[in-house]
Amino acid sequence: DVFARAASLAVLCVVMLCWHIKAQPYVQSRANVFDTFALGLLACVAVLNVRNASYVSAGVVPTGPPSETSERVSIAQGVFACAPLAIACVLELHNYLGRRTSV
């Protein structure tokens, strides 16, 4: 069932986020903060996806033009999915430029 898989994924993402916040598995605090942020966004995408999965699971095909809310959810999912990669690139560039100027 599509809904059960989407809901399970959302629950597991939230559980992993909570575990990560409690355990703080990395030595560097910046790595913990970034990973917590990335897991938080992943959990948001998973939770937002449950809504779409409920339609598919029920066999309902939304008719008519997409609502404004539906479009905003889709945009938010795309932004949430790409944000960790963009932030990681910016942080790595900042590290690289910082090392170049200090040597």
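Anything mentioned here points back to the structure above.
Numbers given for residues are sequential positions, taken from 1 along each chain in its written order. In keeping with the predicted nature of the model, local features appear solely for residues at pLDDT of at least 70, side-chain atom pairs appear and are counted solely at 80 or more, and the whole-chain, interface and lining totals rest on all residues. Heavy atoms throughout the structure, all of them, feed into the side-chain values; hydrogens and water do not.

Enquirer: Can you help me understand the overall build of the chain in this one?
Expert: For the chain, the helix and strand inventory stands at three helices and zero strands. Type-normalised accessible area, obtained with a 1.4 Å probe on protein chains alone, sets the label of each residue: buried when under 20%, exposed when over 50%, and partly exposed for intermediate values. Taken over 103 residues, the chain has a buried fraction of 17%. Residue contacts are counted whenever heavy atoms from the two residues lie within 4.5 Å of one another. Across the chain, the fraction of contacts at a sequence separation of at least 24, relative to all contacts at a separation of at least 6, is 68%. In the structure as shown, the chain presents an accessible area of about 7500 Å², 70% of it carried by carbon and sulfur atoms. Charge centroids of the chain, computed over 7 positive and 5 negative side chains, lie 10 Å from each other. Note on conventions: DSSP H or I runs of at least 4 residues are helices, E runs of at least 2 residues are strands, and numbering of each starts at the N terminus. Each accessible area is a Shrake-Rupley result for a 1.4 Å probe, and residues are judged covered by the shown protein chains and nothing else. Lys and Arg are tallied as positive, Asp and Glu as negative. Neither His nor the chain termini are counted. Charged groups are reduced to one reference atom each: NZ for lysine, CZ for arginine, CG for aspartic acid, CD for glutamic acid.

Enquirer: Mind showing me how you'd approach the environment of Asp35 here?
Expert: Tracing the sequence through the fold places Asp35 in helix 2 (residues 29-58). For the pair formed by Asp35 and His20, sequence separation is 15 residues and the distance between their alpha carbons is 8.2 Å. The residues touching Asp35, leaving out its near neighbours within four places in the chain, are His20 and Tyr26. Within polar-contact distance, the side chain of Asp35 engages the side chain of Tyr26 at 3.3 Å. Pairs of N or O atoms within 3.5 Å make up the polar contacts considered here, provided that, within protein, one atom can donate a hydrogen while the other can accept it, and that residues adjacent in sequence are counted only when both atoms are side-chain atoms.

Enquirer: Hey, could you run me through the layout of surface pockets in this one?
Expert: Approximately 220 Å³ is the volume found for the largest pocket. Along its surface, the largest pocket is lined by Arg51, Asn52, Tyr55, Pro62, Thr63, Gly64, Pro65, Pro66, Ser67, Ser70, Val73 and Ser74. At the level of elements, helix 2 and helix 3 (68-102) are the ones that each hand at least two residues to the lining of the largest pocket. Here the residues of the lining of the largest pocket are counted per class, giving five nonpolar, six polar and one charged. Both site types are read off a 1 Å grid over the protein atoms alone. A 1.4 Å probe that fits but cannot get out defines a cavity, while an open set with protein on both sides within 12 Å along at least five of seven lines defines a pocket; lining residues have an atom within 4 Å of a point. Grid points are joined across faces, edges and corners, and a volume is the space filled by probe spheres set on the points. Each residue is assigned to one of three groups, with Ala, Val, Leu, Ile, Met, Phe, Trp, Tyr, Cys and Pro labelled nonpolar, Asp, Glu, Lys and Arg labelled charged, and all others, Gly among them, labelled polar.

Enquirer: I would appreciate a short explanation of the pattern of salt bridges in the present structure.
Expert: Oppositely charged side chains may form a pair once their charged atoms are brought near each other. We define a salt bridge as a side-chain nitrogen of Lys or Arg found within 4 Å of a carboxyl oxygen belonging to Asp or Glu. Applying the stated criterion to the full structure yields one salt bridge. Across the salt bridge formed by Glu68 and Arg72, the nearest N and O atoms sit 2.5 Å from each other. Taken together, the residues Glu68 and Arg72, both in helix 3 and four residues apart, mark about one turn of the helix. Residue classification places Arg72 among the exposed residues on the basis of a relative accessible area of 56%.

Enquirer: Is there a simple way to explain a nonpolar patch on the surface in this structure?
Expert: A patch consists of residues exposed above 30% relative accessible area that lack any salt bridge, with like charges linked at up to 9 Å and nonpolar side chains (Val, Leu, Ile, Met, Phe, Trp, Tyr) linked at up to 5 Å. Taken together, the side chains of Val2, Tyr55, Val56 and Val60 define a hydrophobic patch exposed on the protein surface, amounting to about 310 Å² of accessible area. Here Val60 shows up in the loop between helix 2 and helix 3.

Enquirer: Just checking my understanding: could you explain the state of the cysteines for this structure?
Expert: Here, disulfide denotes a covalent bond that connects the sulfur atoms of two cysteines. Here, the term disulfide refers to a pair of cysteine sulfur atoms separated by no more than 2.5 Å. Overall, the coordinates contain zero disulfides when judged by the stated rule. Just so you know, Cys18 is unpaired, no disulfide at all, and the nearest cysteine sulfur is the one on Cys13, 11 Å from it. Using a relative accessible area of 47% as the deciding quantity, one classes Cys18 as partly exposed. Between Cys82, a cysteine without a disulfide, and Cys89, which holds the nearest cysteine sulfur, the sulfur-to-sulfur distance is 11 Å.

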